[in-house]
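Per-entry structural report
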Amino acid sequence: MAALCESFTLCGLGPSSGVGLGGGLLALEPGPDPDHVLLTDRGRTATLFKVSDQKPLGCWSVKHGQMITCPVVCNFETHEYIAVHDDKVLRIWKEKDINLDKVFKATLSAEVYRIHSLPSGGPVVLFRGGGVRTLDVLLEAPQQEIENVISDEVIKWSEAFMEGQQPVLTFATEKDGDFFVYVQKLKTNSLHRFKLEQQEFSKPSSFTAYLKNQIITLLCLCSNDCVYKVLIPLQQNTEEEEQILSRSRLLTLSVSGSVLKGTSVVVLDKDHIAVLGSLTASGEESKECLTIWNTKFQTLQTSKELPLGTSGQLWCYEEKFFFTHGKVLTVIMYKCETSSLAAAVGKLKDSQTPDVSAFVNWNTLGDEELVVSFQSQQSVDLKSESKMTLRSKRNSVDEVQPNDLSVGQLLLNLKDASTTAFEGELRQWMSKAQTPDLQATIGCVVTALVNRCRTNPKYYPRSFLLQIVQTRDLSYSLCPDLMVFALERKDVRLLQTCLQRFPDIPDEITYACLKLFLSISEAYLQGADVNLDSVICYIDMEFNNKEVKTEVVENGFSTELEQDIWGTEYTKETHLTNDGELCPVGPQKAALLNSVLRSAYTETFLLPHLKNLPAQQAVLFLRYLFYLYVKCSEKINTALPGTNSPSINQIIDWMCLVLDAHFTVMVMLPEAKALLSNLHKFVRAQVRLYSELNKIEGSLRELQRLNHQKDSQTYSIEVLEII
Amino acid sequence: MGEFEVHRVRFFGLVPAGVRCLACQPGGARLAVARTNGAVEVYNFAANYFQEKVIPGHETRSVEALCWTAGNRLFGAGLSGDITEYDLAQLCVARSVDGCGGPIWSMAVNSSGTQLAIGCEDGSVKLFQVVPGGIQFERNLDRRKGRILCLSWHPSDSHIAAGSIDILRVFDVSSGQTVQRIMVNYHVQKVKRECIVWSIAFLSSGTVVTSDSFGRVQFWDWEQGTLLESHTVSTSAVLSLAVSEKEDSIIVGTSTGATYQFQLLPVKIGSLEKRWVRTKPFQHHTHDVRAVAHSSTALISGGLDAQLVIRPLMEKVQKKGYDAVLRKFTFPHRRLVSCARKARLLLFQFSQHLELWRLGSTEETGKDGEVLPLCRMPEHLVQLKSKGPEHIYCSCVSPCGSWITYSTASRFHLYRLRYEGNSVSIKKVPKMPKLLLPAYQLQFSSDSSSLFVASAQGSVHVLQLLEPGGCKLLHTLRPPSGSSEAVYLLALSTDGHWLAAVSGDWVIHVYNLKCFKHHCTVPTYNCAVTALAIHPVTNNLVIAYSDQQLFEFSIPEKQYTAWSRTVQKCGLHKVWLERDSPITHITFNPKNPSHILLHDTYMFCVLDKSLPLPDNSALLMNQSTLKQLPETARQRQLHAFKICKKFQPLLFADLLDENCLVVVERPVMDFKTQLPLPIQKKKFGT
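Calculation rules
- Residues numbered from 1 in each chain as written.
- Chains lettered and ligands numbered in written order.
- Predicted model: local features only at pLDDT ≥ 70, side-chain atom pairs only at ≥ 80, totals over all residues.
- Heavy atoms only, no water.
- UniProt positions renumbered as here; feature names shortened; annotations may be inferred.
- Helix = DSSP H or I, 4+ residues; strand = E, 2+ residues; numbered from the N terminus.
- Buried < 20%, exposed > 50% of the residue type's maximum accessible area, 1.4 Å probe, protein only.
- Contact = heavy atoms within 4.5 Å.
- Areas by Shrake-Rupley, 256 points an atom, 1.4 Å probe, with all protein chains shown as cover.
- Buried area = accessible area lost by both parts, 1.4 Å probe.
- Salt bridge = Lys/Arg side-chain N within 4 Å of Asp/Glu carboxyl O.
- Pairing = 2+ DSSP bridges.
- Axes fitted to C-alpha atoms, helices over the stretch in contact; angles between N-to-C directions.
- Patch = residues over 30% accessible without salt bridge, like charges linked within 9 Å, V, L, I, M, F, W, Y side chains within 5 Å.
- Phe/Tyr/Trp six-rings, centres within 6.5 Å; stacked < 30°, edge-to-face > 60°.

As annotated in an unreviewed UniProt entry, chain B is UTP4 protein from Galbula dea.

Going by an unreviewed UniProt entry, chain A carries the name NOL11 protein and comes from Galbula dea. The record held by UniProt for chain A lists under Subcellular location (unreviewed entry) the comment "Nucleus, Nucleolus".

Right under this line is the structure:
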């Protein structure tokens, strides 16, 4: 849930208070240090503030007659400030400089639109004509010629990101009601132009964007009171002609009849956005509001009325909103927590199982020629048609416009492309994929990726695969190669995600995962990126980290036996919990094992595989299960805390399975003896407790019956007084 | 007022029969209930859910389904294979038609009430046309193997959905063909048990709702044959299902005794998309809930624990009143016990036999609340078994205890009893006069010289009892304007001068027995009469109605008494009016004319007319408060209603003499132990 916290005034903006001189704010940029912001007004002044102290630290003005035309930014590497006045004159100074007339000055050959300063990439200058230079390049020859890229389009918005080591600048332009998006990669000096899909009555009025997984997600606030999402793939290999970016509606800004006319939008996290605008209910005066919306559940999370009016601008740095409210610049802090449905309805429980839904339109998957059996993106209506017509459609695939390539065709085309081109093309294709049977198509893409990895052992698009598995409702049967491949590569994170997401993993694969997880050394897992959600609530991480190095021989359990198959020496980690019980595995391994415990299986099919598990691993696994079982039994509701943690039934079922599979071996193993006897004692204690409880229940019931029997003589003569 | 010696009787071993099926009359005025012993009852919603009509059961006539058809005709069908029409005026079976398909498991009526569909053991679904004077076989629908356990018509009458074992089928009514078959256990893995579709409903949207033995309530798209939604409500079977008229609410009953309401609710406020959501769980029953019904304002469920529960939907109830009360009916709204005051005998009526008991006695006296030692134990004198499969309609023992009479649907019996020392001899009276049967109520005169038989069409037969053991028909009293309804209640004056008779149209006729003439009619009151009695001294007729109103009507003066007018003017106490069970018996204290004794299932009340009526601010049930007050302070607190709730559930209460009371209780636990064990749920352990 997101919430707005306390607010305070950073500074006044009136003519008397010194900042802004009534002209309003041009922009707010982050200062050289955390908690610092740089304010540029629509006049001659830039001011540096320390936010928490509400105190100006420095103020610089240009001469009368001059005007700052581009927000002042800070070069984070050199701690210099950069400003442009009168469109073309560049000024660079340090904090100790007072008079801007005397600082470094360079006159440029073209008008500057904006300077973006990136934390590790240096400032990037965007010119009105669409040209882009890094500051370093520009300063080498200030008078160098700047090309005009966009002719008579007007830049509406721009933003810069770091993609790996490379700065990426994206900006949006408008011409005659059409909107275009440009993506400029500075290192490779490649520029891509996209056209934004045009929709009637919905002109974008404000933009914001973030970069994740090599995809720029552009959010635009449109005049029809909706927020649209546009995915722009960064990896463009083909120098094709203009591409059209389709947009999907992310959110409608309306709450119970009232509509929010948004003016600015910022992204808070993956599920939350903030919108500044005026809320208009029918028949009522509109009120300006700052609102936070949850895009996952399409709900308004919180809002704050701003009765004194705003300038429509909204900035957000370090969990703080900045905006003008009346004649002052106001700062509001906010909190954003990951949203879940339970949290949204106010019922966050510890143990909730996420619903895995994977619905596949099986009709679209032919028995043969899997690759070419996918329908083109545009033929939505195909869904209702029969399989017969589908086959005929398949034959006519050549007639389809090259732009509307089916994925099968696409994959065939890319067979011989370079790996980067291949991946880029797929990313791009997926970003606009809106096909009705997405799952089947994605399955195909994954298969293609895996095949390519097989042929090219050096190629492994891990994050891309992870992203696909996480975001799409895939299933095992759609891409049977994926998990086998991940097992080969020992990619535990991918396996964990697959186990959590896929509803139909064969028992053989489940077993293979279990075996792999048990055999991997803890040292290797220390560095592995594993989702620890399921263990974080019952294994004490802090404690673990301290205790990692201790070697404890416990219950006759020798470390030498724990030599793992990769030959690295096994350091046994012990994890003391509150009451002294020891977790036999590290948190990473525990999380991985939990994902196995939670996956679906059939006893009869799993058991033969489980018999092959090496005895030492079986003992370790049983120890971990026993540990979980004890943990579960601590609580009255016999459930482990945290999300995605296994239920007591799952734990007991697995315990029985392991014992069934290895009982004779366990009995023989000296190191398992203590464990088995502990387990036996514990279970016997529990059985006793429950049988006692049942006895008590029976006795209470009998008492109730006796009580009833006492006055159930069939006949009596009593005296009754009625007054 | 005084102390009473209370004979507290708990040896009446009545086990009420479980509720087998329910049917709401279209329009929602009445509810028909069939019990496992074949009895059919009609409850009137408007008359405060009074059990208005009872048609006793029959050994071979089980009822599996009930339907109201056009013209408010009631049909039942059962495992005997017959479709039976009930005569609700004469309270008997009007006619019976063989369904020709073996035992009938289910029956459903179409929306216009003109066609009946029955589901048979042999897997056939047969259509019958409802015609005046009976039903007519129309056609068979496509027959497949497997008994048809439940049926439902589509509201447009074009299709019928039928539930069987493991499968549900949809028939096209015009062609008679199966147009869809759906395997209901298709989605369950490792199925070894069969899945019985216990109940089905066809919604106008084309959704078929089923409840099955796996504890699921499922929603199907019949055209696609696909499962739309599945809700597992119970680990045991969901036996019954009913849909509201608006199709926005469903009630289901399970074999654990729980009932659940499902409601069709928008996904979010203002959204057009709606989903079925399980909203309210209720646990009113301890045993299988075999039948549920959904009236416009209430959820109704009936279980094998013999309870009929009417749970009002508070959001549908406009104001707090009769409709807003949760009602649980376990016992019939009529007397099954008659008492011979002078001989101190009790006659208990069971479905197929009678028991005559003599009360015990004591020689001690004591203070309030004391149990007195018995000097003589109660004695079971006679058990009289009714021959034949028919159940008993009514019975009576004469005040002197020497006559017993009872009636079944086709036979009427009178017995003469003689007591010699400790032995009892019983002799059947031969050559009974031919009467129009059945008799709905029997009553002996106070001097045991004549017997009054309430009969059909508003008539009352007067029989003269002859020594040593005979009788003859003296006269038949008929209402002057005629009536089609049967007489269900009788009241005799002690002096043998007056007789009041209430027929099913709730009109009370008063007859003069000296000249066998109609004397007058009590002004009609728009509610059912639940009990009435004539005062031995004043000859005032006291009437209790199902809306809990009390009236006193002076027979000689043919008008309401002054006290009755006062009661109407002041109004009865709110708490009194909000009671949910009707007064079933009224009697008087011969020594104190101002006392009227009334009782319902949960209380008995001595109404002292000489005391002021309580107003709504006063405490109605003030007996325990009064007991704590000193003598002087009591006087100010006294009011007319002296209520005792000590004895529950109360089947009968009567005054034997001025300070001797008899109460017959039937503790619910006593008969529940005789029911099969309910499904046990383990509380501890995994």
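Don't stop here, the text continues.
**Observations concerning the overall build of chain A**
The number of helices and strands found in chain A is 17 helices and 32 strands. Looking at chain A as a whole, 52% of its 723 residues are labelled buried. Taking contacts inside chain A between residues at least 6 apart in sequence as the whole, the part at least 24 apart equals 55%. Surface exposure of chain A reaches about 33300 Å², of which carbon and sulfur atoms provide 51%.

**What to know about the interface of chain A and chain B**
In this assembly, 19 residues from chain A lie in contact with 43 residues from chain B. When chain A packs against chain B, close to 3000 Å² is buried across both sides, 58% of that on carbon and sulfur atoms. It is Tyr715, Ile717 and Ile723 of chain A that lose the most area in chain A upon contact with chain B, and together they represent 29% of the buried surface on that side. Taken together, the links from chain A to chain B amount to two salt bridges.

**Some words on the sheet that holds strand β31 (residues 345-349) of chain B**
Residue and element names in this part refer to chain B. Within the open sheet, the four strands sit side by side as β30-β31-β32-β34. Their pairing is antiparallel. At either margin of the open sheet sits one strand with a lone partner, and together these are β30 (337-340) and β34 (379-385). Strand-to-strand twist across the sheet, computed as the mean angle between neighbouring axes with direction ignored, equals 20 degrees. Sheet topology note: the strand β32 (residues 353-358)/β34 ladder contains six bridges and is antiparallel. When the sheet's bridge partners are listed, glutamate 355 is paired in β34 with glutamine 383.

**Here we look at the sheet that holds strand β8 (residues 82-87) of chain B**
All names here are of chain B. Pairing within the open sheet is antiparallel, and its four strands lie in the order β6-β7-β8-β9. Of all strands in the sheet, those with a lone pairing partner are β6 (65-69) and β9 (92-98), marking the two edges. Direction aside, the axes of adjacent strands within the sheet are offset by 25 degrees on average. Relative to strand β7 (residues 73-77), β6 is paired through five bridges, and the arrangement is antiparallel. Looking at the pairing, threonine 69 lines up with arginine 73 of β7.

**Section: a nonpolar patch on the surface**
Residue and element names in this part refer to chain A. Residues Ile696, Leu700, Leu703 and Leu706 make up a contiguous nonpolar surface patch of about 400 Å² in total accessible area. Positionally, leucine 703 belongs in helix α17 (residues 670-710). Classification of leucine 703 as exposed rests on a relative accessible area of 54%.

**Describing the packing of aromatic side chains**
The description of an aromatic ring pair rests on the distance of the ring centres and on the angle between the ring planes. Residue and element names in this part refer to chain A. Applying the stated rule across the entire model yields 35 aromatic pairs over all chains. Geometrically, the ring pair formed by tryptophan 60 and tyrosine 81 is tilted, given 5.0 Å between the ring centres and 35 degrees between the ring planes. Linking tryptophan 60 in strand β5 (residues 55-61) with tyrosine 81 in strand β7 (residues 80-85), this pair joins segments that are 21 residues apart in sequence. Taken as a pair, tryptophan 60 and tyrosine 81 share a single burial class, namely buried. For the pair phenylalanine 171 and tyrosine 182, a centre-to-centre distance of 5.0 Å together with 10 degrees between the ring planes defines the contact as stacked.

**Comments concerning the pairing of strand β19 (residues 207-212) of chain B**
All names here are of chain B. Most of β19 sits inside the fold, with six of its six residues counted as buried. Burial along β19 is two-sided: the face carrying Thr207, Val209 and Ser211 and the face carrying Val208, Thr210 and Asp212 are both buried. Inspection of the sheet shows strand β18 (residues 197-202) paired to β19 by five bridges, in the antiparallel sense. The residue bridging serine 199 from the neighbouring strand is serine 211, located in β19. Hairpin connection between β18 and β19: a loop of four residues separates the two successive antiparallel strands, and glycine 206 in this loop has a positive phi of roughly 95 degrees. As judged from the five bridges shared by β19 and strand β20 (residues 216-221), these two strands associate in the antiparallel manner. In the strand pairing of β20, valine 209 is matched with phenylalanine 219. Linking β19 back to β20 in an antiparallel pair, the connection comprises three residues, with glycine 215 at a positive phi of about 85 degrees.

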